[in-house]
Amino acid sequence: MKHIIFVLPGCEKGPIGGYKVVYEYANRLISDYKVSILYPYFRFNIKKEKISILTRLRGLCTWSIKKIFGLFHPASWFNLDSRIKKIPCLSITKKLLRKYKDAIFVATSLKTAYDLNKIGVTKKNGFYLIQDFEAWFGLSEQQVLDSYKFPLNKIAIAPWLVEKINSVGEEAKLIPNGFDFDYFKLTNPIETRKQYEIAMLNHDDERKRCIDSFEALKIVKETIPELHVNIFGMPDRPKDLPNWYTYYKKPNQEEHNKIYNTAAIFIAASKAEGMALPPAEAMQCGAALCCTDIPGFSLYAKDNETALLSEVYDVKELASNILKLIKDKELRTRIAKTGNKFIQQFTWEKAVKCFKEYIESI
């Protein structure tokens, strides 16, 4: 039985889209493969930055506690199959590679791709799951593009990422993310929803441009006094959030479904995404999508078909599109129903089948 080891860049205690995708793959592969998840503490220092001894000691202490008490799992937000082995390690080394010499390694981020390349993993047993263009936190576009040249088999979750990889003379297998249609379901009829019920994600990442969503909704509120927003996320409720917002911190499955199924409209104003999950989840539950025109939404957000699109930073255009959907029930219902039908094609069964076929073909 083949052994697949997913290499994560750390262990996060809260929901992260890229981690969720990896955990979904692991759960669905465990019946046919031996599956492990590797959690290194020290990762490749791409920026060559100096890290203080005190910072390293604090991090190592936290990592050690997690190792001692077996906390390398997403128990609080994802039901990871107990058969999946969690492997905490200080760093990814050639010794580790020799220990798992018959395994297939899958880098799941920029840093872990650099790690695998450093120890000599090649296309013979190495894959690189590319979920975004990770030029953030001080990393340059060139450092990202350089990682696409590593001798690893590339898998990209969206067409625009395939194009980025092609731009440096490399190839990638396109495997879009799947969506869990057992977790998120349409339970509230689209036609009967209150038109002024909105939903959105709150996030600290500036690329999500939540600030633009807030500004657009402020404009809409001036015309639609009944406007109400259900907003959810990992951070605490923003201090200056008006009382016409209802905030859900870390919603459970029931709450999350209620948010999406209450919403007539879901909005997202991001300037960059890989293949964003929340807008698609909202479509699964029957909300009409109103979002920015970016590659990270383009796989499922088709203007005037499955969504209404606006330019990044254009708060007035976003507000105008929200108002269109609120005032025009026929348009809103058509967008919601078409989007709900369109998103059904992105199943985890299809994604895992493609992943297995690609793994087996190497």
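Calculation rules
- Residues numbered from 1 in each chain as written.
- Predicted model: local features only at pLDDT ≥ 70, side-chain atom pairs only at ≥ 80, totals over all residues.
- Heavy atoms only, no water.
- Buried < 20%, exposed > 50% of the residue type's maximum accessible area, 1.4 Å probe, protein only.
- Helix = DSSP H or I, 4+ residues; strand = E, 2+ residues; numbered from the N terminus.
- Pairing = 2+ DSSP bridges.
- Right-handed = clockwise from strand over helix to strand, strands pointing away.
- Salt bridge = Lys/Arg side-chain N within 4 Å of Asp/Glu carboxyl O.
- 1 Å grid on protein atoms, 1.4 Å probe; cavity = no way out; pocket = protein on both sides within 12 Å on 5 of 7 lines; lining within 4 Å.
- Points joined across faces, edges and corners; volume = space filled by probe spheres on them.
- Nonpolar A, V, L, I, M, F, W, Y, C, P; charged D, E, K, R; others polar.
- Contact = heavy atoms within 4.5 Å.
- Axes fitted to C-alpha atoms, helices over the stretch in contact; angles between N-to-C directions.

Colleague: Would you explain the pairing of strand 5 (residues 126-130) in this entry?
Modeller: For strand 5, the buried fraction is high: five of the five residues fall into the buried class. Alternating positions in strand 5 separate into two faces, G126, Y128 and I130 on one and F127 and L129 on the other, with burial throughout. Bridge count between strand 4 (residues 103-107) and strand 5: three bridges; the pairing is parallel. Residue pairing for strand 5: F105 is matched across the bridge by G126. In this fold, the crossover linking strand 4 to strand 5 by way of helix 4 (residues 110-118) has right-handed handedness. Relative to strand 6 (residues 153-156), strand 5 runs parallel, the two sharing four bridges. Bridge pairing links Y128 to K154 in strand 6. Each parallel crossover has a hand, and for strand 5 linked through helix 5 (residues 141-147) to strand 6 it is right-handed.

Colleague: When you look at the pattern of salt bridges in this model, what are you seeing that I'm missing?
Modeller: This structure, assessed with the given rule, holds 17 salt bridges. The shortest N-O distance in the salt bridge between D132 and R207 comes to 3.2 Å. Note that D132 is positioned in the loop between strand 5 and helix 5 and R207 in the loop between strand 8 (197-202) and helix 7 (210-223), a separation of 75 residues in sequence. Overall, R207 belongs to the buried group, its relative accessible area being 16%. When the shortest N-O distance is used, the salt bridge between E206 and K271 registers 2.9 Å. Note that E206 is positioned in the loop between strand 8 and helix 7 and K271 in the loop between strand 11 (265-268) and helix 9 (278-284), a separation of 65 residues in sequence. Look at E206 and you get partly exposed, because its relative accessible area is 41%.

Colleague: Quick question: what am I supposed to make of the layout of surface pockets here?
Modeller: To find leftover empty space, a probe the size of one water molecule is rolled over the atoms. The computed volume of the second largest pocket comes to approximately 180 Å³. Lining the second largest pocket, in full, are I211, F214, E215, K218, P238, D240, L241, P242, W244 and Y245. For the lining of the second largest pocket, the leading source of residues is helix 7, giving four residues. Of the residues in the lining of the second largest pocket, the class split is seven nonpolar, no polar and three charged.

Colleague: What should I look at first to understand the sheet that holds strand 2 (residues 34-40) in this one?
Modeller: By way of backbone hydrogen bonds, the strands of a sheet pair with one another, either parallel or antiparallel. Here we have seven strands laid out as an open sheet, ordered 3-2-1-4-5-6-7, and parallel in their pairing. Every other strand in the sheet has two partners, leaving strand 3 (85-89) and strand 7 (173-174) as the edge strands with one partner each. Running at roughly 170 degrees to strand 6, helix 13 (residues 348-361) makes contact with strand 1 (3-7), strand 4, strand 5, strand 6 and strand 7 of the sheet.

Colleague: Would you take a moment to explain the environment of E215 for this structure?
Modeller: Position of E215 relative to the elements: it lies in helix 7. Placed 181 residues apart in sequence, E215 and K34 show a C-alpha to C-alpha distance of 49 Å.

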